[in-house]
Amino acid sequence: MKQSRQENLVYVAAWGLLFAAPVLSLYVRTVSDANVAFNWNEVFVVWRHFAVYLLLFLVHNFLLAPLLVHRHKRMLYCAAVVTLLAVFTVYKCSNKPERRGHGPHMERADLHQPPFGDEPMAFDEQRPPMPDEASPRPDERPDERPLRRMHRADSPPPIVGERDILSVLVVILMFGANLGIKGYFRSRDDRKRLAELERENLEQQMEYLRYQINPHFFMNTLNNIHALVDIDPEQAKGTIVELSKMMRYVLYEGNKQSVPLARELEFIRHYVALMQLRYTEKVRISLALPQETSDSHIPPLILITFIENAFKHGISYQHESFVDMTVSLKGDTLRFKCCNSKADQSIDEHGGVGLANVRKRLDLLYGSNYTLTIDDAADVYQVELVIPLGNREIMNKS
């Protein structure tokens, strides 16, 4: 799996600062002290040590870290890291600078020579005797004591020193930081991918629900026109023209994420006008819509399901019936209220599949930011919906 560009920039910036540090440090020293000259050899010596750590980082970043972060092979990763640390430790131990005075044979005259060319120093006069030197053995000659003391001082160094341990700890911390950065960018990419999948899933569900709404709407509208043909053929012809406009709205505007509220309200007005042509004066139909809608937008065909159900299940041919619909605006909130009488015969679940679909659409579009209240009384069925409004930009981002 390839690294992101941002992750590579983080690594380049970090290592760039690290390699620039000795140059800046030496420059500051030359500026503050005129006796110090800028010597590139000092910088190259530091860079040579940094290059070893950079090589370890590259091996870990491109070969070892993906085993744990992307492939989740913990045992293989741990074994590889332990092996790499062991190789690094052996390298550090085998490249130690040699200490002075560790030759296999030393001349006795050299034992009394001071280090670094200083003046001769009398051991017995310059420091107090060690506990085991306070009283020399009877069989020991005086010239043997310096040899025994110098042998202890020049004993071989340990195989792994403090600097080696610190170097290994630095490498471990470097590997940990590399894993942390790589894990962060991996989790960020996973979140982006999950958000993209959720968005695609949401769009697919919305398309599915729209395709379910459209046939249901056309079926009811064509039934209305069919009934109107027997009553008034001339009006039926005009109604077909109105239906073509409504079909154009459903086909072209219904696939959009949002439409102007004025267009949606105009669609509802045409639909209610078609329904009024079908019924007699015994059916009281009222529709109240706001006059001003500004630039508010709304998801298309979000209210028509409730209106369809009101006409389908609320009209009775045996007694007087009514359907009252009201759309009001208050700030950035739309309130829709539909109240209708109940027919003598009705299905068990008022609204059927259409109401279930509109609930799903509301959940997908608004989450918990809407209110749907349904009051199913004995003679009256009432629906009240409160949803937030937005402009085109806000609706497209939601």
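Structure first, text after, so check above.
Keep in mind the model is a prediction, meaning the values are calculated, not measured. (Residues numbered from 1 in each chain as written. Predicted model: local features only at pLDDT ≥ 70, side-chain atom pairs only at ≥ 80, totals over all residues. Heavy atoms only, no water.)

A. The packing of aromatic side chains, seen in detail. Overall, the coordinates contain 14 aromatic pairs when judged by the stated rule. Where Tyr11 meets Phe57, the ring centres are 5.1 Å apart and the plane angle is 75°; that geometry is what we call edge-to-face. Note that Tyr11 is positioned in helix 1 (residues 5-32) and Phe57 in helix 2 (residues 40-69), a separation of 46 residues in sequence. The burial state of Tyr11 is the same as that of Phe57; both residues are buried. An angle of 40° between the planes, with centres 6.1 Å apart, marks the rings of Phe306 and Phe336 as tilted. Pair noted here: Phe306 is in helix 10 (residues 304-314) and Phe336 is in strand 5 (residues 333-341), with a separation of 30 residues, a long-range link. One aromatic cluster is present, formed by Tyr11, Trp15, Phe19, Phe38, Trp40, Phe44, Trp47, Phe50 and Phe57 through successive ring pairs. (Phe/Tyr/Trp six-rings, centres within 6.5 Å; stacked < 30°, edge-to-face > 60°. Helix = DSSP H or I, 4+ residues; strand = E, 2+ residues; numbered from the N terminus. Buried < 20%, exposed > 50% of the residue type's maximum accessible area, 1.4 Å probe, protein only.)

B. Fine view of empty space enclosed by the protein. If you walk through the whole model with that rule in mind, you get one cavity of 30 Å³ or more. Empty space within the largest cavity amounts to approximately 70 Å³. Looking at the largest cavity, it is lined by 10 residues, and the ones nearest its centre are Lys2, Gln3, Glu7, His70 and Asp189. Tallied by class, residues from the lining of the largest cavity come to two nonpolar, three polar and five charged. (1 Å grid on protein atoms, 1.4 Å probe; cavity = no way out; pocket = protein on both sides within 12 Å on 5 of 7 lines; lining within 4 Å. Points joined across faces, edges and corners; volume = space filled by probe spheres on them. Nonpolar A, V, L, I, M, F, W, Y, C, P; charged D, E, K, R; others polar.)

C. Looking closely at unusual backbone geometry. A positive phi angle is found at His72, which is not glycine, with a value near 55°. Relative to the helices and strands, His72 is located in the loop between helix 2 and helix 3 (74-94).

D. Molecular detail of the packing of helix 9 (residues 261-278) against helix 10. Put simply, helix 9 and helix 10 touch, their axes get as near as 11 Å, and they point 10° apart. Classed by the angle they form, the pair helix 9 and helix 10 counts as roughly parallel. Every residue of helix 10 that contacts helix 9 at Phe267, Ile268, Tyr271, Val272 and Met275 is listed here: Ile304, Ile307, Glu308 and Phe311. Here the residues of the contact of helix 9 with helix 10 are counted per class, giving eight nonpolar, no polar and one charged. (Axes fitted to C-alpha atoms, helices over the stretch in contact; angles between N-to-C directions. Parallel < 35°, antiparallel > 145°, perpendicular 65-115°, else oblique. Contact = heavy atoms within 4.5 Å.)

E. The arrangement of the nonpolar core in detail. Ranked by size, the top nonpolar core spans 44 residues in total, and within it Ile307, Phe311, Leu334, Phe336 and Leu385 carry the most contacts. Of all the elements in the fold, those that place two or more residues in this core are helix 8 (233-253), helix 9, strand 2 (283-288), helix 10, strand 4 (321-330), strand 5, helix 11 (352-366) and strand 7 (380-388). For Leu334, the contacting residues outside a window of four places in its chain are Leu261, Ile298, Leu303, Val327, Ser328, Leu329, Leu385, Val386, Ile387 and Leu389. (Core = buried A, V, L, I, M, F, W, Y, C linked by side-chain atoms within 4.5 Å.)

F. Representation of the sheet that holds strand 4 in the model. If you walk across this open sheet you meet the five strands as 2-4-5-7-6, and the pairing is mixed. Each end of this open sheet is capped by a strand with a single partner; those strands are strand 2 and strand 6 (371-376). Taking the axes of each pair of neighbouring strands and ignoring which way they run, one obtains an average angle of 5° across the sheet. Bridge analysis of strand 4 against strand 5 gives eight bridges, and the strand direction is antiparallel. Along strand 5, the bridge assignment pairs Asp324 with Cys339. Packed onto the sheet, helix 9 meets strand 2, strand 4 and strand 5 and runs at close to 170° relative to strand 2. Contacts from helix 10 reach strand 2, strand 4, strand 5, strand 6 and strand 7 within the one sheet, and its direction differs from that of strand 5 by about 10°. (Pairing = 2+ DSSP bridges.)

G. Quick peek at helix 8. In this model helix 8 runs 29 Å from its N-terminal to its C-terminal C-alpha over 21 residues, within 8% of the 30 Å that 1.5 Å per residue would give. All buried positions along helix 8 are accounted for by Ala236, Thr239, Leu243, Met246, Tyr249, Val250 and Glu253. Projected down its long axis, helix 8 carries its buried residues within an arc of 125°, all on one side. Residues of helix 8 that are exposed and point over 90 degrees away from its buried face: Glu234, Lys237 and Tyr252. (Expected span 1.5 Å × (residues − 1). Arc of directions from axis to C-beta.)

H. Expanded view of the pattern of salt bridges. Tallying each qualifying case throughout the model produces nine salt bridges. Across the salt bridge formed by Asp324 and Arg284, the nearest N and O atoms sit 3.1 Å from each other. Residue Asp324 is located in strand 4, and its partner Arg284 is located in strand 2; the two are separated by 40 residues in the primary sequence. Of the charged contacts in the structure, one is a salt bridge between Arg335 and Glu384, with a shortest N-O distance of 2.5 Å. Placement of Arg335 in strand 5 and of Glu384 in strand 7 is noted, with a sequence separation of 49 residues between them. Accessibility expressed as a relative area gives 40% for Arg335, which makes it partly exposed. Through salt bridges that share partners, Arg186, Asp190 and Arg193 make up one connected network. (Salt bridge = Lys/Arg side-chain N within 4 Å of Asp/Glu carboxyl O.)

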